[in-house]
Amino acid sequence: MKKILMTLAAVAVAATMNAQVWVGGEVGFTSSHVNGIGTENIFTIKPEIGYSLTDNVDLALAIGYTHASDKINKNLGGGKFYANSFEINPYLRYKFVKAGNFFAFIDGGINYATTHYKSVSSNENEFGVSIVPGIAYAVSDKVTLVSHLGEGLYFNHQWMKDEYRVNNVGLRLFNGISFGAYYNF
C-alpha cells in the first residue's frame with residue numbers, strides 16, 4: 001500500500017512540475033444603507049484552483065462562502081436577518097486576446113449554491129450555467145490579477161422545498177466588477 005501511495009504522490013508532483021497550476025480567488029465586502037429601511041452587509045470569499053490545459057484553455061474549480069446580514073429599521077418592525085451561502089463552481093476559461101501582459105477571457109461554467117436563512121427552516125438552492133467575460137494582467141510569471149465583468153450571460157434555476165421554483169435568464173455585464181489574484185506554480 002505504501003508503494004502505491006508513494007507512486008501516486010510522485011506522479012502528482014511530476015504532473016504539476018510540467019503543468020501550469022494556479023491557486024487564488026476573490027474576497028469581497030459590500031455594505032448598503034437605505035434611508036428609512038435599513039442596512040445590509042455582505043462578505044464573500046471564493047478560493048479557486050486551476051490547471052492550464054493549453055496556452056489558451058484552463059480548467060478550474062471555485063468554492064465560495066457568502067454571509068449576508070440585514071438590519072431593518074425599527075419603524076418597519078426592526079429585526080436582524082442572516083443568511084449563509086455555499087457554492088461550488090467548476091468552469092473552463094478560454095483566453096482569446098493577448099496584448100503584452102494583458103489578456104481577455106471568457107469563463108463558461110456550471111454553478112450550484114445552497115443558502116440557509118436564519119429565519120427559514122429549509123434551504124434555498126440554485127443550479128445554473130453562465131458565460132462570464134473578464135480581463136487579466138500578469139504582474140509576473142507567478143502573479144496574475146483578474147477581473148470579471150458582471151454576471152455575464154446566465155441561466156439559473158432556484159428552488160426552496162415546498163415553497164417555490166424560479167427560472168432566470170439574463171445578460172448582466174456591468175452590474176458589478178469583481179477582482180481577484182492568482183499565484184501560478
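Whatever comes next refers back to the structure up there.
Definitions and limits used
- Residues numbered from 1 in each chain as written.
- Predicted model: local features only at pLDDT ≥ 70, side-chain atom pairs only at ≥ 80, totals over all residues.
- Heavy atoms only, no water.
- Patch = residues over 30% accessible without salt bridge, like charges linked within 9 Å, V, L, I, M, F, W, Y side chains within 5 Å.
- Areas by Shrake-Rupley, 256 points an atom, 1.4 Å probe, with all protein chains shown as cover.
- Salt bridge = Lys/Arg side-chain N within 4 Å of Asp/Glu carboxyl O.
- Lys, Arg positive; Asp, Glu negative; His and termini not counted.
- Charge placed at Lys NZ, Arg CZ, Asp CG, Glu CD.
- Helix = DSSP H or I, 4+ residues; strand = E, 2+ residues; numbered from the N terminus.
- Buried < 20%, exposed > 50% of the residue type's maximum accessible area, 1.4 Å probe, protein only.
- Pairing = 2+ DSSP bridges.

Engineer: Please clarify how a positive patch on the surface should be interpreted in this entry.
Structural biologist: On the surface, a cluster of positive charge is made up of Lys-71, Lys-74, Lys-80 and Lys-118. On the secondary structure map, Lys-74 appears in the loop between strand S3 (57-72) and strand S4 (79-99). Relative accessible area serves as the criterion here: at 79%, Lys-74 is assigned to the exposed category.

Engineer: Would you mind showing me how to read the pattern of salt bridges here?
Structural biologist: Proximity of charged atoms lets side chains of opposite charge pair with each other. Taken as a whole and judged by the stated rule, the model has four salt bridges. With its nearest N and O atoms 3.6 Å apart, the salt bridge here joins Lys-46 to Glu-87. Here Lys-46 is found in strand S2 (residues 38-52), whereas its partner Glu-87 is found in strand S4, with 41 residues between them in sequence. Exposure remark for Lys-46: the relative accessible area of 18% places this residue in the buried category. Using a relative accessible area of 22% as the deciding quantity, one classes Glu-87 as partly exposed. Asp-58 is the partner of Lys-95 in a salt bridge, and the nearest nitrogen-oxygen pair spans 3.3 Å. Linking Lys-95 in strand S4 with Asp-58 in strand S3, this pair joins segments that are 37 residues apart in sequence. The pair Lys-95 / Asp-58 is uniform in exposure class, with both members buried.

Engineer: Quick question: what am I supposed to make of the pairing of strand S1 (residues 20-34) here?
Structural biologist: On a regular strand, each side chain points to the face opposite its neighbour's, so the side chains alternate between the two faces of the sheet. Examined bridge by bridge, S1 and S2 share 15 bridges and lie antiparallel to one another. Each bridged residue has a counterpart across the sheet, and for Val-34 the counterpart in S2 is Gly-38. In sequence, S1 turns back onto S2 through a hairpin of three residues, with Gly-36 there showing a positive phi of about 85°. Of the pairings in the sheet, the one linking S1 to strand S10 (residues 177-184) comprises five bridges and is antiparallel in character. Pairing of Gly-25 across the sheet is with Ala-181, part of S10.

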